[in-house]
Each structure stands twice: as structure tokens, then as C-alpha cells.
Amino acid sequence: MPNASHQLRCIGTGERIAPEAVSSDFRDPVTGDLYEVEYPWSETREDAAAARRPNAQALRHLWAERRDSTMPIDQSGVWRYRDLLPILQDDNNAVTLREGNTPLYDLPRTAKLLGLDFLLAKHQGMNPTGSFKDTGMTAALSVAAERGFKWVACASTGNTSAAMAAYAARAGLRAIVFIPEGKIAWGKLSQSMDYGAMSIQLKTDFDGCVKMLGEIVRKNPIYLLNSVNPYRLEGQKTPAIEICEQLDWQVPDHVIVPGGNLANGSALGKGFGELKHLGFIDRVPKISVIQASGANPLFQWFNNEEKLLHAVTAETRATAIRIGNPASWRKAAHIIETTNGWCEDVNESEIALAKAQIGAEGIGCEPASAVTLAGLKKLMSQGRVLPGERVVLLLTGHTLKDPEYTIDFHQGVLAADMPEAAGYRRPPVVLEPNESAVMKALATEMAGAL
Ligand SMILES: *Cc1c(COP(=O)(O)O)cnc(C)c1O
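All values reported here derive from a predicted model rather than from experimental measurement.

Participant: Can you explain the site of the ligand? Please cite residues and give values.
Facilitator: Inspection of the region around the ligand gives 15 residues, with Lys133, Asn159, Asn261, Leu262 and Thr396 positioned closest. Residue Leu262 places a main-chain N or O atom 2.8 Å away from an oxygen atom belonging to the ligand. At 2.7 Å, a side-chain N or O of Thr396 approaches a nitrogen atom of the ligand. Notes on the ligand: free accessible area 390 Å², of which the protein chains cover 97%. Split by residue class, the shell around the ligand holds six nonpolar, seven polar and two charged.

In C-alpha cells, the structure reads:
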């Protein structure tokens, strides 16, 4: 089935180019700006009114129907919505691991603690490789495969490489990942090895990896799968659709996302914006981005007058957002401004406590995801989120991605300065193998719980 056409629009100059004409680093050769995918019906098209718009009513039914299908692309929580991301010439070229379809959990204890009526977590860590990166990777890697590339590459703090390696393996492509030496969680590095990618640990940070990779893709027929690739965002916008569908097309008041390279918040904003433009929903949620205070260039941009981004040297144990020079900052800035969202930063102890609180809900997440809850607390204390409002936290990665971090929290290494953390710590108890020792420990535990 041939698909509708799309083009790439430079977000700086507004110029459009054919998808095949884009430079290998996905930047405007003159201005260095990024591109976004634009469809005939997109809001940015002056002639959009004339273009045949997807029909919201019909699509809702079609998408619901596809849930009963046995076809892989219908079972995928990304490609099920392919009508809003017609980026492939042929849908049969989609490379899918049945990504998406992630749960929207309620967080009753945390809601009560914060005095909120309605707190939900969209758990993107429940994707095939354990992070939201799968939703973007299925989209962009399918484009690479359809265009005949044999090699794909990315620079990564870990989750992008895990996702890319898995999807490349499914498609029979070779994958090269550049990761900062010693600064990624073992769970993630082990995944790219498991899925057969070539892993190169560069003796630099993430930002150094990005630079190196840019040189390589300019000179070789290797397809770049970092989030500067605009097709990544087309996949990553689909959780916005899924959230609305899961809420029976009611729109939450706030969506809170972690900010690293800043593609995810941008993609969700694009998703909600398109749903509104096409009449699926009548308003968009406020989208707020939370950064770690050791890697907070967007937060600094948000608070300075000149409105320019200054790169920082990034340092945080939330390794997925340890990024000092975020590629998609202009896109994210636009989303925050147009949705009336906010930007905050949170410190290492606040992240660790928030992660433990999400864990105690029986859900868990990786440290970078927990900035959303830490940030929500700040937004509430500032009166930017009100008790009666409906909030969705975007949990980006699975708790098993970084077990070392979890153990460090429970051993008291993390959040040592926070008295509230004590109630969440559950270090392992080492006992002699006799009944009285075990009973004594249980009695102490029960007394503590009262
Ligand atoms: C990649 C990632 C982020 C950051 O997303 P950006 O699009 O880079 O802002 C946050 N959390 C996790 C778990 C990630 O893998």
C-alpha cells in the first residue's frame, strides 16, 4: 500500500526539502538547524486546509479495530497509528518488536503524599528493550532499511544503543554504537552486546561521541540514528496518542518528561499538537521538562533573558540525561512555550528519593525517569500544578536498566541528606540460618511498620 508523501521542514528557516535530499547529519548545511517531518495536512503547511486531512472519527475506530489484528504492524503500539506517521513507502518495511502498548498506571500512594487527585505514570520502560527509545527506533530504523542502508550508527548514553542494536538485528543491518567510556549503566551496554552491535567506548563524554559520529556519517554510507534524525520523533510522538486513547480521549492537564537531548519532550509535544490540529482533542496538555541539576542547560536557558542555550559539562548519576549540549533544545523550548509548560531542575538526592517512591508503588523506573516526580513536587510547591489537576509522568526507562543505582540508594549511599529517604530504604538483612534470628528480624520490621 503506497503511502502519503511527506517532506522535511527546517525548523530554523522553514525551508522544505525532499527526504532523500537531507544531509547525512540531518542538519541544515548552512544554519545547522534540525528538521521536522511535515505532512500535507500538517499545521505548518500554509495550504494545509486544502490537503486531505485524516479523519479523526474514522481513525479512532480503525485504531481500535487493529487491536484485534494478528498482523505485526497492527500489534505495534507505534505502527497501529501509522496513518499519522506515513513515513514509509511500504508499510511492510516496518521493523517492529511490538513496541508501544505501554501501561498507564495510577500512583495512588504518591498522589496521596502530594495531595493530588489524579496522578498517572505512562511507563515507556515497558517497551521491548526497556526504554521509550524503541518507539523512535522502530520508525527511523525502518526508514534506514527501506532506503537500503546496510549500516546504522548512534552515539548514546545507553538506551538508544540498546534499542538500535535490537532493531538493527531484527532487520539484518549492522550497528555501530559510540558510548562514553565508563559512564553508562552496565545493563544498557550489555544489551547492545547481546543484540550483536559493535560497541565503541570513546574516551570522552556523550557530547564528544556525537561529534565523532558526525564526522563518520558524513564520509561513509552509514545511517545516523541519533535523535537529530527526525523520524525518531515520529515514533516517539505516538505515546501522546496512546495516552489520549487510554484516557478515552480526555486530555490530561500536565505531562511531565525528563530532559536529556530533548527529543522526547519535543516529540510528545508534536504528537499532542497534531491530535489537536486534526480534531482528536480540543486542547493540549502543558508539557514540562525536568533536568538533573548537574545537566541543566535547558533549565538555564529557561531562566536567562537572552534565550540562548549555553552548553554545560554534564554530571549526574541519572546517566540517560547526562547531556550538556542537547541537540533538540529549540524544539523542546518551542513546546514548553506553546503549551505553557515549565522547566525545572532537581538535584541528585531529590532524584534518588523520587525513584524510591516510584519503586514503592510496585512500578519502578530508572533514575532519569524519576526526575519527573521530583520535578512535579517542585511544580506543586510553586503552585504551577494544582491539586485537582490531572498529571501524567512519563517514565522513560525500566528499573532493571541500572540496578547499581537502586542498590546504592538502599545501602544509604544516595540521598543521604534526606530524612524522608530513610522510610524507603530496604537494604538486605544478613542473618544466621536459624528460626529465632529470622523471627527477631521480622518482629523488628513489623514494629517499624506501625
Ligand atoms: C534518552 C532518555 C532520556 C532523555 O530523553 P531525551 O529525548 O534525550 O531528552 C530520559 N530517560 C531515559 C531513560 C532515556 O533513555
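Participant: Can you tell me about unusual backbone geometry, naming the residues and giving the values?
Facilitator: Of note, Trp249 is a non-glycine position whose phi angle comes to about 65°, a positive value. Inspection of the secondary structure assignment puts Trp249 in the loop between helix 9 (238-246) and strand 10 (254-258).

Participant: An account of the sheet that holds strand 7 (residues 174-180) is requested, with residue identities and associated values reported.
Facilitator: Taken together, four strands build an open sheet; the order of strands is 8-7-6-9 and the sheet is parallel. Of all the strands in the sheet, just strand 8 (198-202) and strand 9 (222-224) have a single pairing partner and so form its edges. Neighbour to neighbour, the strand axes of the sheet diverge by 25° on average, direction disregarded. Here strand 7 pairs with strand 8 via five bridges, running parallel.

Rules of the game
Residues numbered from 1 in each chain as written. Predicted model: local features only at pLDDT ≥ 70, side-chain atom pairs only at ≥ 80, totals over all residues. Heavy atoms only, no water. Near = heavy atom within 4 Å. Polar contact = N/O pair within 3.5 Å; in protein donor to acceptor, adjacent residues only side chain to side chain. Areas by Shrake-Rupley, 256 points an atom, 1.4 Å probe, with all protein chains shown as cover. Nonpolar A, V, L, I, M, F, W, Y, C, P; charged D, E, K, R; others polar. Helix = DSSP H or I, 4+ residues; strand = E, 2+ residues; numbered from the N terminus. Pairing = 2+ DSSP bridges. Axes fitted to C-alpha atoms, helices over the stretch in contact; angles between N-to-C directions.

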